Amino acid sequence: MIINLKAALIVSLLAFAVTTLVVIISARLSQQKRKDELMAEIKKYNQLSKDASDVGAKGIYAAYQKQGNEKLMDYFVAMYKEAVVEMALHVLALGMIQRYYFVEIIPFPTSIWFFGDGLGSMAWYVISAVAFFFAVIKPLKPKVRYFRPYWQ
Amino acid sequence: MEFAYGLDANPFGILFWGIIVGYVFSTVGAAGAVLTFIGQTVLFKFDKAMIKHLITTGMAESEAKAAAKNTLKVHNLMAVIFSPLIAVPRYFKEKRVAIPLALCVAVGVVAGAVIGPMIPMSMKAYKFWFGVVTFLIGIRLFYETTDYARNKKQKLKNISKKFEEKVKELKKSGNWDELAAEGFKVNNFSISGLKFTFWGEEFSINPMAAALGGFFIAIIASMFGLGGGFLLVPYLSSIFVLPMFVVSGTSITIVLVNSVIAIISYLAKGAQPDLMFMGVMLVGIAIGSFVGPVTQKYYKEKYLRMFLAAILFFYGLRFMGVWAALGIPI
């Protein structure tokens, strides 16, 4: 098996840089606090609607469920904000690879379903980013302040 | 700047539109996918550029149109899939997914998400139905700005507050049980009935009905390139009368399953997503979604909703071909 080492190195370095940047930015903009507050409110409305249901107050049950729904919508928005910050730069990096550096890094001896003739630079980027996150970033999180949410 | 598939657009224009989408979505909480679609088709004419480009590479016109339509759907699904992708592993870790229920619905969703992309739909029909959805969201947003809807909301809050105070008093006297977070446990399972305990509460559902509902929701959502959360949440909370903390984790898991399968199906059908285009737009969405809440205090949200409703009415009618039928050249 011949590996295109130069391409693998370039793509991996890009993946490492973007992953580190994304972790720092998302730690600064973390929505966890807001999400916890909203989940506490959702649970509160749920409990209250259950109480209302227990005493047969159908109107109040519906009112709580509706308010819980609204809080759930806010929760989804907070979650979306967090996710879009974590993914946008990766998608942009993948877009740059797709446009300017779409090369084969590990050619397969035979075509494999879904993967095709080889492992391309985009798949290599994803593998590098995931591996870097779990092998380097995650163990460093407790030690490096910039990798943790701003309130921790 | 030239993007993939012949699109020649200013990246700052795409970034700016992304900021608007993120801004509106984070303040109003709706219309994110619709505005992304409007940006792609009306402002940047991504579909037309792609069709033209694919035809010059020797592809038949019908095939090029199908590829462009499928690519638009994949772009929409890409914008949807990020939150489930990040949230689902966390939800599982925190035991917030009612797995027995999610599995029942997912059985139908898998089948629906495979069949949905197979249903033939021309670009014209796709835009028409997207126009209908856009128009309906516009009506909903406009309704929310009326005094009637606002008063109704306030009334609900007042009733709830009174009841909440009463419950607090009763709880102090020790008459109410607390909710226990202990994950899920299947108590009884058969084709016609599933009983499970989730967070200390027992739920009973019909697995066949859950799968069937998931099937139809997945067909509709995958046909339009949507995640399906807007249908799943009311389905689970209204039909099965499930509480919100069950619905949140479960629906987002199902949205992930639906979106992943639909994306794979559309890629297999020739969709070719332009990640550079989507990446620039997503960076804009990320910026806009954080700027939105900061500036919200400087104006009344009602006016933003009214403005957005007017835009959605306008584009809804445009996608449905109403302006063209009336001879108005817009």
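Small disclaimer: the values here were computed from a predicted structure and weren't measured.

Quick word on the overall build of chain A
Okay, so step 1: Counting its secondary structure elements, chain A contains four helices and two strands.
Okay, so step 2: Along chain A, helices and strands appear, N-terminal first, in the series α-α-α-β-β-α.
Okay, so step 3: Against the compact-globule benchmark of 15 Å for 152 residues, chain A has a radius of gyration of 22 Å, which places it well outside the compact range.
Okay, so step 4: Each of the three principal axes of chain A carries a C-alpha extent, and together these read 70 × 40 × 25 Å.
Okay, so step 5: The proportion of buried residues among the 152 residues of chain A is 38%.

Describing the overall build of chain B
Okay, so step 1: Within chain B one finds 13 helices and three strands.
Okay, so step 2: If you take every contact in chain B between residues at least 6 apart in sequence, the share linking residues at least 24 apart comes to 77%.

Re the nonpolar core
Okay, so step 1: Among the nonpolar cores identified, the biggest contains 131 residues, and V84, A88 and Y125 of chain A together with F277, L282 and L312 of chain B are the most heavily contacted of them.
Okay, so step 2: It is helix α3 (residues 58-100) of chain A that contributes the most residues to this core, 22 residues altogether.
Okay, so step 3: Look past the residues within four positions of L312 of chain B in its chain and what remains in contact with it is A31, V34, T134, F135, I137, G138 and L141 of chain B.

With respect to the packing of helix α3 (residues 46-56) of chain B against helix α4 (residues 61-93) of chain B
Residue and element names in this part refer to chain B.
Okay, so step 1: Between α3 and α4, the least distance of the axes is 9 Å, while the angle of their chain directions is 140 degrees. By the angle between their axes, α3 is oblique relative to α4. Both α3 and α4 take part in a crossing whose hand is right-handed. Facing α3, whose interface residues are D47, M50, I51, L54 and I55, α4 presents E61, A64, K65, A67, A68, T71 and L72.
Okay, so step 2: Of the residues assigned to the contact of α3 with α4, the class counts are eight nonpolar, one polar and three charged.

Some remarks on the interface of chain A and chain B
Okay, so step 1: Contacts between chain A and chain B engage 42 residues on the former and 35 residues on the latter.
Okay, so step 2: Secondary structure elements with two or more residues in the side of chain A that touches chain B: α2 (32-54) and α3 of chain A.
Okay, so step 3: Ranked by residue count, the leading element in the side of chain A that touches chain B is α3 of chain A, at 32 residues.
Okay, so step 4: The class makeup of the residues in the side of chain A that touches chain B is 25 nonpolar, nine polar and eight charged.

A few points about helix α4 (residues 121-140) of chain A
Residue and element names in this part refer to chain A.
Okay, so step 1: For α4, built from 20 residues, the straight-helix expectation of 28 Å at 1.5 Å per residue is met to within 8% by its first-to-last C-alpha distance of 27 Å.
Okay, so step 2: The largest bend in α4 is about 40 degrees, located at F133.
Okay, so step 3: Of all the positions in α4, only S121, W124, Y125, S128 and A129 are classed as buried.
Okay, so step 4: In this fold, the buried residues of α4 make contact with α1 (5-28), α3, β1 (104-112) and β2 (116-120).

Observations regarding helix α12 (residues 301-319) of chain B
Residues and elements named next belong to chain B.
Okay, so step 1: With 19 residues, α12 ought to run about 27 Å at 1.5 Å a step, and its terminal C-alpha atoms sit 27 Å apart, in line with that.
Okay, so step 2: Those residues of α12 not exposed but buried are R305, L308, A309, L312, Y315, G316, L317, R318 and F319.
Okay, so step 3: Tucked into the core, α12 has its buried residues touching α1 (11-28), α2 (32-43), α6 (123-145) and α13 (322-325).
Okay, so step 4: Backbone geometry just downstream of α12 places G321 in the positive-phi region, at approximately 85 degrees.

Concerning the environment of G32 of chain B
Residue and element names in this part refer to chain B.
Okay, so step 1: Residue placement: G32 occurs in helix α2.
Okay, so step 2: A C-alpha to C-alpha distance of 15 Å links G32 and L43, two positions eleven residues apart in sequence.
Okay, so step 3: Contacts of G32, omitting those with residues within four sequence positions, involve V21, F25 and A79.

Notes on the confidence of the model for chain B
All names here are of chain B.
Okay, so step 1: Residues of chain B with pLDDT of at least 70 account for 86%, and the chain-wide mean is 80.
Okay, so step 2: Here helix α7 (residues 147-172) stands out as the element of chain B with the lowest mean pLDDT, 69, in contrast to α3, whose mean of 90 is the highest.
Okay, so step 3: Scoring of the predicted complex yields 0.78 for pTM and 0.82 for ipTM.

A look at the environment of M208 of chain B
Residue and element names in this part refer to chain B.
Okay, so step 1: Here M208 lies in helix α8 (residues 207-224).
Okay, so step 2: Using a count of 15 C-beta atoms within 10 Å as the deciding quantity, one classes M208 as partly exposed.
Okay, so step 3: Contacts of M208, omitting those with residues within four sequence positions, involve I191 and S192.

The rules behind the values
Residues numbered from 1 in each chain as written. Chains lettered and ligands numbered in written order. Predicted model: local features only at pLDDT ≥ 70, side-chain atom pairs only at ≥ 80, totals over all residues. Helix = DSSP H or I, 4+ residues; strand = E, 2+ residues; numbered from the N terminus. Rg over C-alpha atoms; globule rule 2.2 N^0.38 Å. Buried ≥ 20, exposed ≤ 12 C-beta atoms within 10 Å, placed from the backbone. Contact = placed C-beta atoms within 7 Å. Core = buried A, V, L, I, M, F, W, Y, C linked by C-beta atoms within 7 Å. Axes fitted to C-alpha atoms, helices over the stretch in contact; angles between N-to-C directions. Parallel < 35°, antiparallel > 145°, perpendicular 65-115°, else oblique. Left-handed = near helix turned anticlockwise from the far one by under 90°. Nonpolar A, V, L, I, M, F, W, Y, C, P; charged D, E, K, R; others polar. Expected span 1.5 Å × (residues − 1). Bend = angle between axes of the 7 residues up to and from the residue. pLDDT = per-residue confidence, 0-100.

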